[in-house]
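The lines below spell out each chain.
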Amino acid sequence: MTSFTDIDLLRELEPVAEANLNRHLGLAAEWMPHEYVPWSQGRDFDTLPWEPGQSRLSDIAQIAFEVNLLTEDNLPSYHREIASIFGRDGAWGTWVHRWTAEEGRHGIVMRDYLLVTRGVDPVSLERGRMHQMEKGFDSGEKTPLRAIAYVSFQELATRISHRNTGRFTQDPIAEKLLARVAADENLHMIFYRNLLAAALEIDPSATVKAIAEEVMTFQMPGTGIDDFDRKAKRIAKAGIYDLRIHHDEVVTPLLRHWKFFELEGLDAEAEQARTNVGHYLTALDDLAKKYEEKREKALTTAASN
Ligand SMILES: [Fe+2]
Ligand SMILES: [Fe+2]
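Reading the values: the criteria
- Residues numbered from 1 in each chain as written.
- Chains lettered and ligands numbered in written order.
- Predicted model: local features only at pLDDT ≥ 70, side-chain atom pairs only at ≥ 80, totals over all residues.
- Heavy atoms only, no water.
- Helix = DSSP H or I, 4+ residues; strand = E, 2+ residues; numbered from the N terminus.
- Buried < 20%, exposed > 50% of the residue type's maximum accessible area, 1.4 Å probe, protein only.
- Contact = heavy atoms within 4.5 Å.
- Donors = N, O, S within 2.8 Å, 3.2 Å for Na, K, Ca; no water.

Visitor: Honestly, the environment of alanine 238 in this entry has me stumped. Any pointers?
Guide: Inspection of the secondary structure assignment puts alanine 238 in the loop between α9 (228–237) and α10 (243–257). Classification of alanine 238 by relative accessible area gives partly exposed; the value is 30%. In this structure, the C-alpha to C-alpha distance between alanine 238 and serine 205, residues 33 residues apart in sequence, is 38 Å. In this structure alanine 238 touches Ile60 and Phe168, once residues within four positions along its chain are discounted.

Structure (structure tokens):
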């Protein structure tokens, strides 16, 4: 449930939401998903059923692409989450609907590409979509502050995941398409990042605590995907999205942007939360190093065999 203070906070942030919505609308260039899909490569599936050999994507590129698409597919649940937290009125409501419309384009263009090029098994893709959407997505009644912190990290993580998946496909068409999607995610991240910066000015202690909670419990939105852990491990192993990227390219730059470790005048709880984040980041960095060493070792062994 949203408490009165949550509503007050959202009201106080409303002018910032409006300014950033207008900024976003000025920057978000219109683009057409159909222009990114090589339609002439398409064939009917009843006369030519799908076979694994038809995909020009490597195994791991297929997994990453599929995970990214299934994540986008869960949009109705994400919409429900942010509409119930931010509301459907005023600048917040306009943002919620605009964001949803933009996100809808991502699933459309990625699915069209995969089906036309026969990049992944269409039957398992559809079953995966059903599984994922039937489960829904539940962020667990986050406060608005926690929600804004979560989506800041999530949009940046998604941007990097799409961009790196595109590179990994080694298909210029897929790369261009996913770079286009990643550019949208970047603008989404900036909207939320700016809102959180404004929240830090209104209530620094509460905002620091919200950031700390989200950093230390962060999970990708695709966690509900069937067999997600195994798929995420393979995506990490390939270097498309791993702990090093999460630490260096997602968490650290955002915390730096917010001057998280330099903020003054926090209450004792927020100070404690910030100390915990410091320890958490050190542990994350150590773990990332361990995986890097493991990967390097495996590469050297493979090269010497
Ligand atoms: Fe998206
Ligand atoms: Fe996004």
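Visitor: Looking at this structure, how should I read the coordination of the iron ion (ligand 1)?
Guide: Six octahedral donors at a metal ideally form angles of 90 or 180 degrees, and four tetrahedral donors ideally form angles of 109.5 degrees. Each protein donor to the iron ion (ligand 1) is listed here as Glu72 (OE), Glu72 (OE), Glu103 (OE), His106 (ND1) and Glu185 (OE); together their distances run 2.0 to 2.4 Å. In terms of primary sequence, the donors binding the iron ion (ligand 1) are separated according to E-x30-E-x2-H-x78-E. Looking at glutamate 103, the relative accessible area reads 5%, which means it is buried.

Visitor: Explain the side chain of histidine 246 to me, please; I cannot follow it from the model alone.
Guide: With respect to the helices and strands, histidine 246 occurs in helix α10. The class of histidine 246 is buried, set by a relative accessible area of 8%. Filtering out sequence-adjacent residues up to four positions away, histidine 246 remains in contact with Phe218, Tyr241, Val251 and Leu284.

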